[in-house]
Structure formats: C-alpha cells, structure tokens
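What the coordinates show
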Amino acid sequence: MKQQLFDLSGKVAVVTGGNGGIGLGMARGLAEAGAAIAIVARNESKSNDAVADLRQRGIKAIAVVADVTDKAAVAAMVERVTRELGRIDILINNAGINIRKPPHALEIEEWDRVIHTNLTSAFLCSQAVYPAMKAAGGGKIINIGSMTSIFGASFAPAYAASKGGIVQFTRSCACAWAADNIQANAVLPGWIDTDLTKRARQEIDGLHDKVLARTPAARWGAIADFAGIAVFLSSAASDFVTGTAIPVDGGFSIMG
C-alpha cells in the first residue's frame, strides 16, 4: 500500500525552471518515483544536462525551451509535452528570479520582470495545463513560494510580493479546481544552497552565519531535501491536501 501511495509510474510532470536548484531536486524525486519529466526553461544546454541526468535514472525526460512569461510559448510547451509524453498530471511552477534592491531603488522594469517571471508564469502555466488535467480526471499543481511568502524582506520587495502572491494564487486554484480533482499546493523553501542563494551570500553581509543561527536544523538546505515533498504533493498520498503552503526550511520559520 505504501508504494502505491507514492508511486508515480505512468504520470507526466512538467517542471519549470527544472534544470537546476530546487526544480532539479524535485524533478529527480519525481523521476525516482516513476514519473516522466519535461524540464522547461530558457537555458537549453543546462536543460539538456538535466535531462541527461534524469535519463541515467531510467526515466523518460525531455527538455523544452520556453519563456514561461509568454502565453503563446506556454501554449506551445503544453502542446509539445502532451504530444511527446502523452499527458500532463503534475505541474511544478518553479521558474523564478530575484533583483535585490530596496523598494525606493527598484525600477518599474525590474519590478515587472520579477512579477512576470515568478507569479505571472505560474498563472499562465497553471491555466494552460488545466484542460489536460481535467481531461485526465485530476492533477497536481505545486507552486514554489519562499520564506518571503511569510516574512518581509527590505532587499527584495518585488520577490516578496510575487511569493506572497504565489500563496494566494495557489489557494484560488485549489478552490476553483477541487471539483476537477486537481490539488494545488505551495512549497515555501527556506535558505537552500543554490546558485540564487550563492549570489545572495555575496550581496548580503553576514547572511550565511545569520541563516545558520536561526535554523534549528543548523544547516542550509540541499536541493535533495525537495525530492520527498515533491513526491508527496504529486502522488495519491496527498489527494485530500490542497491549498496549503508548506515550509521546507529546517525550522527557520518557527524559530523564536
């Protein structure tokens, strides 16, 4: 019974921004559970490397180059995935960027770029996969939020706004699509060792030590820490879990 609960054999997952970091950690988890994977990102060579990594695990995987802020590109991506892999059961909206400036220094073009990449892309991709999921009798949507979905960040106003929006958008989808057996949940990563946070450590003095001091687990997260939550929220094990925002943060968000 336990294996069936978490078995993703025959399922197809789309992972945006899946060629590195948290997205790749999740894609690896889904692949280990048996799902075929479509890695969707802009960097073709990096995506090809990720696909090669997944195929070594004996899983069918494809790389799709797409700008997930563009409605036509998203539609073409969904068409290609359904044509080549047959269906779409799981969507992980992980594409994201950050521009670190205080609110008074942020240009409108920078604000728009972050909001479009982090939030509008989740809307476009979710809307685009909805017909395929409804036709399949159900589906799973996982949106990647952040600790800034909960906390303010003086150095990341657009990022924080986009990640707060992710949680509310997730709840809206969960309510709207429950009747179609589509569950939508958000994952809120804490401080994870990725390329994005490597830049943060260079730009924010003392960040590394502050994160360790506040994290009960006393370490930065690894991308492998996201395999389990991805499998849980993509599998039958979470069929009665929807509209949640689950921190994966080593306890950072509950530390007094």
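Look up: the structure comes first, before these words.
Predicted model, so just to flag it, every value in this text is computed and none were measured.

1. Considerations on the nonpolar core
For soluble globular proteins, nonpolar side chains are generally found buried alongside one another. Counting 31 residues, the largest nonpolar core has V14, M77 and V81 as the members making the most contacts within it. Broken down by element, this core gets its largest block of residues, six residues, from helix 5 (residues 108–136). Ranked by size, the runner-up nonpolar core spans 29 residues in total, among them L8, L54, A61 and I142.

2. Looking at the pairing of strand 2 (residues 36–41)
Among the six residues of strand 2, six are classified as buried, and the element is accordingly described as predominantly covered. Burial of strand 2 is two-sided: the residues A36, A38 and V40 facing one way and the residues I37, I39 and A41 facing the other way are all buried. As defined by bridge partners, strand 1 (residues 12–16) adjoins strand 2 across five bridges and the pair is classed as parallel. Bridge assignment links T16 to a residue of strand 2, and that residue is V40. A crossover connection joins strand 1 to the parallel strand 2 through helix 2 (residues 21–32); in handedness this β-α-β unit is right-handed. In this structure, strand 2 lies alongside strand 3 (residues 61–65), joined through five bridges in parallel fashion. Of the residues in strand 3, the one forming a bridge with A38 is I62. A crossover connection joins strand 2 to the parallel strand 3 through helix 3 (residues 44–55); in handedness this β-α-β unit is right-handed.

3. Some words on the layout of surface pockets
It is a probe the size of a water molecule, rolled over the atoms, that shows where empty space is left. Estimated volume of the second largest pocket: approximately 220 Å³. What lines the second largest pocket is a set of 18 residues, among which K11, G138, G139, K140 and D239 lie closest to the centre. Looking at the lining of the second largest pocket residue by residue, the class counts come to four nonpolar, eight polar and six charged.

Rules used throughout
- Residues numbered from 1 in each chain as written.
- Predicted model: local features only at pLDDT ≥ 70, side-chain atom pairs only at ≥ 80, totals over all residues.
- Heavy atoms only, no water.
- Core = buried A, V, L, I, M, F, W, Y, C linked by side-chain atoms within 4.5 Å.
- Buried < 20%, exposed > 50% of the residue type's maximum accessible area, 1.4 Å probe, protein only.
- Helix = DSSP H or I, 4+ residues; strand = E, 2+ residues; numbered from the N terminus.
- Pairing = 2+ DSSP bridges.
- Right-handed = clockwise from strand over helix to strand, strands pointing away.
- 1 Å grid on protein atoms, 1.4 Å probe; cavity = no way out; pocket = protein on both sides within 12 Å on 5 of 7 lines; lining within 4 Å.
- Points joined across faces, edges and corners; volume = space filled by probe spheres on them.
- Nonpolar A, V, L, I, M, F, W, Y, C, P; charged D, E, K, R; others polar.

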